Amino acid sequence: MSGLLGARRTIIEVNGNEIILDEDLLDEFLAEASEGAFRNIVDRFAGLVFGVAMRRTGDHQMAEEISQNVFLILSHKAGRLEYRNLAGWLHRTTVL
């Protein structure tokens with residue numbers, strides 16, 4: 001990771017744990033095609049995306065497929081997101 005990106009990160013502490021903001025992970029993914037940053041995004045939001053897909057479909061296998069597709073779409077459209085509320089975008093994309 002470059003020093004510049006490391007300096008731009010906003011790290012907050014929650015219950016003694018350091019957390020990097022979603023937008024900083026997204027910026028790192030975009031700037032460096034960082035697999036680690038994208039993995040952190042997936043780890044952070046996989047439960048949300050799968051839960052929404054499961055509630056919408058009632059089918060575990062379909063929900064898994066939808067989840068994979070949502071993160072694939074994110075990887076392709078990350079630089080063109082209309083707004084930086086990643087959780088909201090992921091929820092909306094999953095519902096659609």
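Details of the structure are given in the entry above.
For every chain, the first residue of the written sequence is number 1, and numbering continues from 1 onward in sequence order. Side-chain atom pairs in this predicted model are given and counted only at pLDDT of 80 or more, local residue features only at pLDDT of at least 70, and totals for whole chains, interfaces and linings cover all residues. Think of the side-chain values as coming from all heavy atoms in the structure, minus any hydrogens and water.

A. Examining the overall build of the protein more closely. The secondary structure content of the protein amounts to five helices and two strands. The order of helices and strands in the protein, counted from the N terminus, is α-β-β-α-α-α-α. Accessibility here uses a 1.4 Å probe with only protein chains present; expressed as a share of the type maximum, an area under 20% marks a residue as buried, one over 50% as exposed, and anything in between as partly exposed. Burial statistics for the protein: of 96 residues in total, 30% are counted as buried. Here, two residues are considered to be in contact whenever any of their heavy atoms come within 4.5 Å of each other. In the protein, the proportion of contacts linking residues at least 24 apart, taken out of those at least 6 apart, comes to 43%. For the accessible areas, the method is Shrake-Rupley and the probe is 1.4 Å, while residue cover comes only from the protein chains on display. Summed over all atoms, the accessible surface of the protein reaches about 6,200 Å², with 50% contributed by carbon and sulfur. Note on conventions: DSSP H or I runs of at least 4 residues are helices, E runs of at least 2 residues are strands, and numbering of each starts at the N terminus.

B. Layout of the pattern of salt bridges. By salt bridge we mean one thing: a side-chain nitrogen of Lys or Arg within 4 Å of a carboxyl oxygen of Asp or Glu. Tallying each qualifying case throughout the model produces one salt bridge. Notably, a salt bridge pairs Arg 39 with Asp 43, separated by 3.1 Å at the nearest N-O pair. Of this pair, Arg 39 and Asp 43 both sit in helix 3 (residues 35-57), four residues apart, which is roughly one turn of the helix. By relative accessible area, Arg 39 is classed as partly exposed at 47%.

C. Summary view of the packing of helix 4 (residues 60-77) against helix 5 (residues 86-95). Between the N-to-C directions of two axes lies an angle of 0 to 180 degrees, each axis being a line fitted to C-alpha atoms and, for a helix, fitted only over the stretch in contact. Close contact between helix 4 and helix 5 brings their axes to 10 Å; oriented N to C, the two are set at 125 degrees. Here helix 4 is positioned oblique relative to helix 5, judged by the angle of their axes. Classified by chirality, the crossing of helix 5 by helix 4 is right-handed. The residues of helix 5 that touch helix 4, namely those facing Ile 66, Val 70, Phe 71, Ile 73 and Leu 74, are Leu 86, Trp 89, Leu 90, Thr 93 and Thr 94. Each residue belonging to the contact of helix 4 with helix 5 can be placed in one class, and the counts come to eight nonpolar, two polar and no charged. Between 65 and 115 degrees an angle is taken as roughly perpendicular, under 35 as roughly parallel, over 145 as roughly antiparallel, and anywhere else as oblique. Crossing handedness is read from the near helix: turned anticlockwise from the far helix by less than a right angle, it gives a left-handed crossing, and turned clockwise, a right-handed one. When residue character is reported, Ala, Val, Leu, Ile, Met, Phe, Trp, Tyr, Cys and Pro are called nonpolar, Asp, Glu, Lys and Arg charged, and the others, Gly included, polar.

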